[in-house]
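Summary of structural features
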Amino acid sequence: MKQQRYDVVIVGGGAAGLSGALALGRARRSVLVIDAGEPRNAPASHVHNYLGRESTPPGELLAIGRGEAAGYGAEIVEGRVASAEKLPGSGDQGFRVVTGDGRSVEARRLLVTTGLVDELPPVPGLAERWGREVLHCPYCHGHEVSDRPIGVLATGPLAVHQALMWRQWSDDVTLFLHTGPEPTEEEYEQLAARGVAVVDGEVAGLEVVDDRFTGVTLASGRVVPREALVVQARFVARSAVLESLGLKPVAQEMGGAVIGSYIPTDPTGATEVPGVWAAGNVTRLTEQVIGAAAAGLMAASAVNGDLIAEDTRLAVAARRA
């Protein structure tokens, strides 16, 4: 870190954080990005639905973003932030950020873009294939498995919804009931009408041949050939830094099921702690990469506006002194 105090410290260097750093750098703010190097989409081969960057590998997109932000003066360092705290005597808006190796730096404002962790169902083999043939988002991966045999692993009440959604990308979809609830009569009718097969029994593991997923193994020993498997991960916000400032994650529900936890913010990303903003998946669990980048820009604009207001107050006070 080249200096001890910055206008803004950004915790997390993914799409949201780098987008925020780019905007703040262009606004001539001193910006430090501290990134732990654990992007959520690292297992994926490409980023999709990002206009102008369609099918760019995730690592390449981040490298481009780092270069663009650095080009406007943002400083980007590797490190893990352990905690943040308000500076004594600074009122509500001055912070000390402490990294895991004991370094510390001060900031007038904080933007936290630490993302989330995907917690997968406890089925052997899922983690090893995650982001390859084990998927969750049809808009991220559906086109790449179009017209191929797709399985949907039921672990909660959203499984039927998932199966019907993925049916848009393939006419060969099988719903594995596993530990999920029994579909209602209406749901069974919907699945039958769309040609979605339903398989009873728990899933014991995945069949992999020559480093390629080839099927789902049931507890009975039966193997159902598939080339992709859809799961419902639990989305858990990486909220430790925000929690160190007194913020608490809350549960997010969808279709009557809890799908994860997030830190609430207002539409600009402002949290309940004055001077602290959040953007990306840490506050919006279902945001895709392009949405996270947009949220980082929105938060950065709000942060800069807040700093302008403070600069003006200080200038007026100095003028009157």
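This structure is a prediction, so every number in the text was calculated from the model and none was measured.

Mapping Thr56 onto the fold places it in the loop between strand 2 (31–35) and helix 2 (58–71). Looking at Thr56, its side chain comes within polar contact range of the main-chain oxygen of Arg53, at 2.7 Å. Residues within four places of Thr56 in sequence aside, it is in contact with His46, Val47 and Leu61.

Another point: the sheet that holds strand 13 (residues 212–218). In space, the three strands of this open sheet follow the order 12-13-14, with antiparallel pairing throughout. Strands at the two margins of the open sheet, each flanked by one partner only, are strand 12 (203–209) and strand 14 (223–225). When strand polarity is set aside, the average angle formed by the axes of neighbouring strands in this sheet is 35°. Where strand 13 meets strand 14, three bridges bridge the pair, whose relative direction is antiparallel. Directly across from Gly215, in strand 14, lies its bridge partner Pro225.

Moving on, we get to the packing of helix 1 (residues 15–26) against helix 2. With their axes 8 Å apart at the nearest point, helix 1 and helix 2 run at an angle of 20° to one another. Looking at the two axes, helix 1 sits roughly parallel to helix 2. Crossing handedness for the pair helix 1 and helix 2: left-handed. Between helix 1, through Ala15, Leu18, Ala21 and Leu22, and helix 2, the contact on the second element is made entirely by Leu62, Gly65, Arg66, Glu68 and Ala69. Of the residues belonging to the contact of helix 1 with helix 2, the class tally is six nonpolar, one polar and two charged.

Strand order in the open sheet formed by four strands is 7-16-18-17, and the pairing between neighbours is mixed. Edge positions in the open sheet fall to strand 7 (116–119) and strand 17 (250–254), since each of these has one partner strand only. On average, each strand axis in the sheet is inclined to that of its neighbour by 30°, with strand direction left out of account. As paired strands, strand 16 (residues 234–237) and strand 18 (residues 257–262) are joined by two bridges and run parallel to one another. Note on strand 18: the bridge partner recorded for Val236 is Ser261.

What follows deals with the pattern of salt bridges. In the structure shown here, the tally under the stated rule is 16 salt bridges. The partner of Arg103 in a salt bridge is Asp101, with the nearest N and O atoms 3.1 Å apart. Residue classification places Arg103 among the partly exposed positions, given a relative accessible area of 31%. Given the relative accessible area of 55%, Asp101 is considered exposed. Put simply, Asp7, Arg29, Arg108, Arg109, Asp306, Glu310 and Asp311 are held in one network by salt bridges that share partners.

Each value, and the rule that gives it
Residues numbered from 1 in each chain as written. Predicted model: local features only at pLDDT ≥ 70, side-chain atom pairs only at ≥ 80, totals over all residues. Heavy atoms only, no water. Helix = DSSP H or I, 4+ residues; strand = E, 2+ residues; numbered from the N terminus. Polar contact = N/O pair within 3.5 Å; in protein donor to acceptor, adjacent residues only side chain to side chain. Contact = heavy atoms within 4.5 Å. Pairing = 2+ DSSP bridges. Axes fitted to C-alpha atoms, helices over the stretch in contact; angles between N-to-C directions. Parallel < 35°, antiparallel > 145°, perpendicular 65-115°, else oblique. Left-handed = near helix turned anticlockwise from the far one by under 90°. Nonpolar A, V, L, I, M, F, W, Y, C, P; charged D, E, K, R; others polar. Salt bridge = Lys/Arg side-chain N within 4 Å of Asp/Glu carboxyl O. Buried < 20%, exposed > 50% of the residue type's maximum accessible area, 1.4 Å probe, protein only.

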